Amino acid sequence: MFIRRNTLLQTAAAGLLLGASAFAVQAQDTVKIGLIVPMTGGQASTGKQIDNAVKLYMQQHGDTVAGKKIEVILKDDAAVPDNTKRLAQELIVNDKVNIIAGFGVTPAAFAAAPLATQAKVPEVVMAAGTSVITEKSPYIVRTSFTLGQSSTIIGDWAVKNGIKKVATLTSDYAPGHDALKFFKDHFTAGGGQIVEEVKVPLANPDFAPFLQRMKDAKPDAMFVFVPAGQGGNFMKQYAERGLDKSGIKVIGPGDVMDDDLLNGMGDSALGAVTAHIYSAAHPSQVNKDFVAAYKKAYNQRPGFMAVGGYDGIHLIYAALQKTGGKADGDSLIAAMKGMAWESPRGPISIDPETRDIVQNVYIRKVEKVDGELYNVEFETFKDVKDPGKTKK
Ligand code: PHB
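Residues numbered from 1 in each chain as written. Predicted model: local features only at pLDDT ≥ 70, side-chain atom pairs only at ≥ 80, totals over all residues. Heavy atoms only, no water.

1. Describing the site of the ligand
Point 1. Around the ligand sit 15 residues in total, of which Thr106, Gly129, Tyr173, Ala228 and Asp255 are the nearest.
Point 2. The side chain of Thr106 places a nitrogen or oxygen atom 2.5 Å from an oxygen atom of the ligand.
Point 3. In the environment of the ligand, an oxygen atom lies 2.8 Å from a nitrogen or oxygen atom belonging to the backbone of Gly129.
Point 4. Within the complex, the protein chains bury 100% of what would otherwise be the 280 Å² of accessible surface of the ligand.
Point 5. Taken domain by domain, the makeup of the shell around the ligand includes at least three residues from each of domain 1 (7–145 + 285–355) and domain 2 (148–276 + 361–390). (Near = heavy atom within 4 Å. Polar contact = N/O pair within 3.5 Å; in protein donor to acceptor, adjacent residues only side chain to side chain. Areas by Shrake-Rupley, 256 points an atom, 1.4 Å probe, with all protein chains shown as cover. Domains from an automatic or database assignment.)

2. Structural notes on the environment of His186
Point 1. Of note, His186 is situated in helix α6 (residues 174–189).
Point 2. Judged by relative accessible area, His186 falls into the partly exposed class, the value being 30%.
Point 3. Not counting chain neighbours up to four residues away, the residues in contact with His186 comprise Thr152, Gly155, Asp156 and Val159.
Point 4. Looking at His186, its side chain comes within polar contact range of the side chain of Asp156, at 2.9 Å. (Helix = DSSP H or I, 4+ residues; strand = E, 2+ residues; numbered from the N terminus. Buried < 20%, exposed > 50% of the residue type's maximum accessible area, 1.4 Å probe, protein only. Contact = heavy atoms within 4.5 Å.)

3. Some details on unusual backbone geometry
Point 1. Phi is positive for Asn299, which is not a glycine, with a value near 60°.
Point 2. Note on placement: Asn299 falls in the loop between α10 (285–298) and α11 (304–323).
Point 3. Judged by relative accessible area, which is 74%, Asn299 ranks as exposed.

4. Examining the domain arrangement of the chain
How big an interface is tends to be reported as the loss of accessible area on association of its parts.
Point 1. In terms of domain boundaries, the chain breaks down into domain 1 (7–145 + 285–355) and domain 2 (148–276 + 361–390).
Point 2. The gap between the C-alpha centroids of domain 1 and domain 2 is 30 Å.
Point 3. In this complex, domain 1 contributes 23 residues to the contact, which on the side of domain 2 involves 28 residues.
Point 4. Among the residues of domain 1 in contact with domain 2, Ser131, Arg301 and Phe304 are the three that bury the most area, contributing 35% of the side total.
Point 5. At the surface where domain 1 touches domain 2, the tally comes to three salt bridges.
Point 6. A salt bridge links Arg301 to Asp259, with the shortest nitrogen-to-oxygen separation between them at 3.0 Å.
Point 7. On inspection of domain 1 and its partner domain 2, the count reaches 12 residue pairs in polar contact (both at pLDDT 80 or more).
Point 8. Among the secondary structure elements, those contributing two or more residues to the side of domain 1 that touches domain 2 are α2 (44–61), α4 (106–119) and α11.
Point 9. Of the residues forming the side of domain 1 that touches domain 2, the biggest block, three residues, is contributed by α2.
Point 10. Classifying every residue of the side of domain 1 that touches domain 2 gives six nonpolar, 11 polar and six charged. (Buried area = accessible area lost by both parts, 1.4 Å probe. Salt bridge = Lys/Arg side-chain N within 4 Å of Asp/Glu carboxyl O. Nonpolar A, V, L, I, M, F, W, Y, C, P; charged D, E, K, R; others polar.)

5. Focus: the packing of aromatic side chains
Point 1. One pass over the structure, following the stated rule, counts 10 aromatic pairs.
Point 2. When the ring of Phe207 is compared with that of Phe234, the centres are 5.2 Å apart and the planes differ by 90°; the resulting orientation is edge-to-face. Pair noted here: Phe207 is in the loop between β8 (193–200) and α7 (208–216) and Phe234 is in helix α8 (residues 231–240), with a separation of 27 residues, a long-range link.
Point 3. Looking at Phe234, the relative accessible area reads 0%, which means it is buried.
Point 4. One Lys or Arg, Lys181, reaches over the ring of Phe182 and ends 4.5 Å from the middle of that ring. (Phe/Tyr/Trp six-rings, centres within 6.5 Å; stacked < 30°, edge-to-face > 60°. Lys NZ or Arg CZ within 6 Å of the ring centre and 35° of its normal.)

6. Notes on the pairing of strand β13 (residues 346–350)
Along any regular strand the residues' side chains alternate between the sheet's two faces.
Point 1. With four bridges joining them, strand β12 (residues 340–343) and β13 adopt antiparallel strand pairing. Bridge assignment links Ala340 to a residue of β13, and that residue is Ser349.
Point 2. Linking β12 back to β13 in an antiparallel pair, the connection comprises two residues.
Point 3. Where β13 meets strand β14 (residues 357–369), three bridges bridge the pair, whose relative direction is antiparallel. (Pairing = 2+ DSSP bridges.)

See the structure below:
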């Protein structure tokens, strides 16, 4: 009897131990990614595009890399930086994530930066576009873009194409300030003149009063930066105020002509020339496959935010492959530096010095193709680095 009970106890103890070690193995064999994006509020289209693209990539490539199971924990910060900070902290401390990713707006990317540094957790910025972001932590890597990359190029293009007077309308926060500065530097250096300059609030902007000022200034073109998600509303008010009829064309970085809204803008968008890093009409096989798969899965066209998410999750997969599954922050960041691959947008790489993205910038014009509006690329600037880096 005594012997039997003892055996039972031993068996139970062994079972417990087995259970505990199985749990430890499981925890070690899982790489957790905390994906913090705006799924609600004014920037929700950014979060939805990124979430869609990450899911699509994982369906296409499986959820195991170098023997590790990939687990994505999605959190909605509504683009409010206090939320971002709290969520990043919870993900790092409670969920013990190996990587934080997403960041739909610059203030969100800023808010998480000190936590990335402190915890040595990589912060993969898939959306936000202010130059200085990557300098806020040695653990930040970016797969989106900077406003400097596109705004310098459209500034030069405007000068070369006989545009002499420009009125500017930019969103009044960090990426808008970058867009305006880089455009102005290049446009005025080439002899262009800024005849009106307005800044609109980020949250729920009403463009109408500003548009009247634009019209009265009688510029050759208006330079516009509004973040992803606002272009549809902007172009609606642009048409309602008759700016299209008065021949004031829209130029700018391509955010205002985001592919996910472009088709709904109507013919007032025709002829808009923007410089940007992605068009759904980019004529490569990789992009054709990406657009087809995205449309099949979600019944809509991917925009540039989707591509930032798709490339961000690819970068994480590729880095894990390179480290053989080692998922500490230092190993992952070292693996990400210098990584190069073909994205749906074209060839891209991570600058090993700055951890920022190097990519082609295309000049595109809105045209009708098979009855739909597209940004049709007609000139390519290759391997453009962020012009805003203070450290080289
Ligand atoms: C940003 O907040 O950095 C941002 C957001 C949306 C854009 C561009 C930049 O389209």
